[in-house]
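Tertiary structure, described
Read off the chains here:
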Amino acid sequence: MTTDPQTMPVHLASDWRSLTAYIEATHERQPVPCRSGEIVEVHYWTSGKPVESVLAAQACAHCPIKAACRVYGIKHPAEAGIYGGMGPKQRKAVAKLSTDLPPSTTNPN
Ligand code: SF4
């Protein structure tokens, strides 16, 4: 999950900077798997090789900010790589599912 904010659309770059800042701040206190490489190698998150992607996704289970990362990944499903334990196909499916839900199920209040 590495991307160049210089070439991103503005709204995406803003979200990316926020997520990256959160990752870095968290990683100073406790390991974030895709930064530390303690569980699997860091490049597995973006390699695109099925076995490495699965291992990276499994390593996300140990991440202290998995939920926030997953929200970013679902909000930006076209981004390559693993976010919050999910690959692009999974994130696109969840994003589509959430847009297909009737309004009454998306806003319970
Ligand atoms: S959930 Fe996975 S991809 Fe996201 S910050 Fe944590 S380790 Fe990295």
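Residues numbered from 1 in each chain as written. Predicted model: local features only at pLDDT ≥ 70, side-chain atom pairs only at ≥ 80, totals over all residues.

Let's shift gears to the overall build of the protein chain. Tallying secondary structure elements over the protein chain gives six helices and zero strands in all. Considering the protein chain as a whole, with its 109 residues, one finds that 19% of them fall into the buried category. Within the protein chain, residue pairs in contact and separated by at least 24 positions form 45% of the contacts whose partners lie at least 6 positions apart. (Helix = DSSP H or I, 4+ residues; strand = E, 2+ residues; numbered from the N terminus. Buried ≥ 20, exposed ≤ 12 C-beta atoms within 10 Å, placed from the backbone. Contact = placed C-beta atoms within 7 Å.)

Another point: the packing of helix H1 (residues 10-29) against helix H4 (residues 66-75). Between two packed helices, both the angle of their axes relative to each other and the distance between the axes serve to describe the pair. At their nearest, the axes of H1 and H4 sit 10 Å apart, and the two run at 160 degrees to each other. The angle between the axes of H1 and H4 places the two elements in the roughly antiparallel class. Two packed elements cross with a definite hand, and for H1 against H4 that hand is left-handed. Two secondary-structure elements touch here, H1 through Asp-15, Leu-19 and Tyr-22 and H4 through Ala-68, Cys-69, Tyr-72 and Lys-75. Along the lines of polarity and charge, the residues of the contact of H1 with H4 split into five nonpolar, no polar and two charged. (Axes fitted to C-alpha atoms, helices over the stretch in contact; angles between N-to-C directions. Parallel < 35°, antiparallel > 145°, perpendicular 65-115°, else oblique. Left-handed = near helix turned anticlockwise from the far one by under 90°. Nonpolar A, V, L, I, M, F, W, Y, C, P; charged D, E, K, R; others polar.)

Relative to the helices and strands, Asp-15 is located in helix H1. Here the alpha-carbon distance between Asp-15 and Lys-75, two residues 60 residues apart in the chain, equals 9.4 Å. Apart from the residues within four sequence positions on either side, Asp-15 is in contact with Tyr-72, Lys-75 and His-76.

Before going further, it helps to examine the site of the ligand. Contacts to the ligand come from 14 residues, most closely from Pro-33, Cys-34, Cys-60, Cys-63 and Cys-69. The set of elements that each furnish at least two residues to the shell around the ligand consists of helix H2 (33-36) and H4. In the shell around the ligand, the residues fall into 12 nonpolar, one polar and one charged. (Near = placed C-beta within 6 Å.)

Turning to the environment of Pro-5, a few remarks are in order. Examined against the element boundaries, Pro-5 turns out to sit in the segment before H1. Residue Pro-5 is classed as partly exposed on the basis of its 13 C-beta neighbours within 10 Å.

Glancing now at the nonpolar core. Among the nonpolar cores identified, the biggest contains 14 residues, and Trp-45, Ala-56, Cys-60, Cys-69, Ile-82 and Tyr-83 are the most heavily contacted of them. The set of elements that each furnish at least two residues to this core consists of helix H3 (50-59) and H4. (Core = buried A, V, L, I, M, F, W, Y, C linked by C-beta atoms within 7 Å.)

Between its terminal C-alpha atoms H1 stretches 29 Å, which fits the 28 Å expected from 20 residues at 1.5 Å a residue. H1 sits mainly on the outside: one of its 20 residues count as buried. (Expected span 1.5 Å × (residues − 1).)

Averaged over every residue, the pLDDT of the protein chain is 90; residues scoring 70 or more account for 90%. When the elements of the protein chain are averaged for pLDDT, helix H6 (residues 103-106) gives the smallest value, 62, and H3 the largest, 98. (pLDDT = per-residue confidence, 0-100.)

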